[in-house]
Amino acid sequence: MIKHIVMWNVSGDSPDEKGRSAIRVKHAFEGLRGKIPGLLHLEVGIDISRISYACDVVLYSEFADAAALTAYAQHPAHLDVRDQLEGIRIARHQVDYAVE
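No experiment lies behind these values; they were computed from the predicted model shown.

### Topic: the packing of aromatic side chains
Part 1 of the reasoning: This structure, assessed with the given rule, holds two aromatic pairs.
Part 2 of the reasoning: With centroids separated by 4.9 Å and ring planes inclined at 55°, the aromatic side chains of Phe63 and Tyr72 adopt a geometry described as tilted.
Part 3 of the reasoning: Judged by relative accessible area, which is 0%, Phe63 ranks as buried.

### A closer look at the nonpolar core
Part 1 of the reasoning: Ranked by internal contacts, the top residues of the largest apolar core, which has 23 residues, are Val25, Phe29, Leu59 and Tyr72.
Part 2 of the reasoning: When residues of this core are traced back to their parent elements, those giving at least two are β1 (2-10), α1 (15-30), β2 (39-46), β3 (57-63), α2 (66-74) and α3 (76-84).
Part 3 of the reasoning: With residues near it in sequence (within four places) discarded, Leu59 still touches His4, Ile5, Val6, Trp8, Phe29, Leu42, Glu43, Val44 and Tyr72.

Criteria and thresholds
Residues numbered from 1 in each chain as written. Predicted model: local features only at pLDDT ≥ 70, side-chain atom pairs only at ≥ 80, totals over all residues. Heavy atoms only, no water. Phe/Tyr/Trp six-rings, centres within 6.5 Å; stacked < 30°, edge-to-face > 60°. Buried < 20%, exposed > 50% of the residue type's maximum accessible area, 1.4 Å probe, protein only. Core = buried A, V, L, I, M, F, W, Y, C linked by side-chain atoms within 4.5 Å. Helix = DSSP H or I, 4+ residues; strand = E, 2+ residues; numbered from the N terminus. Contact = heavy atoms within 4.5 Å.

Below, the structure is given as structure tokens:
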């Protein structure tokens with residue numbers, strides 16, 4: 001199994017604008033559930049700490065194997081979400097790791 005974790009900061013000039021951007025990211029990625037073979041689990045969280053060094057949104061997902069993660073990255077539904085969110089996500093951090 002491969003775990004794929006991505007954290008973003010989102011755009012917005014005020015806390016309310018950033019909150020709306022975070023919700024948009026959350027809903028877009030949650031819409032991928034059940035659409036991509038090999039995607040076993042997906043959850044999206046919005047930061048509640050509001051500390052200065054925290055990211056705004058986190059995606060936690062699990063894939064059957066590395067091939068499934070590669071297929072996800074190239075899947076049309078995922079690419080559509082990426083296009084929809086262009087400019088909303090302003091910083092990105094990612095970790096992928098294998099679990100045996």
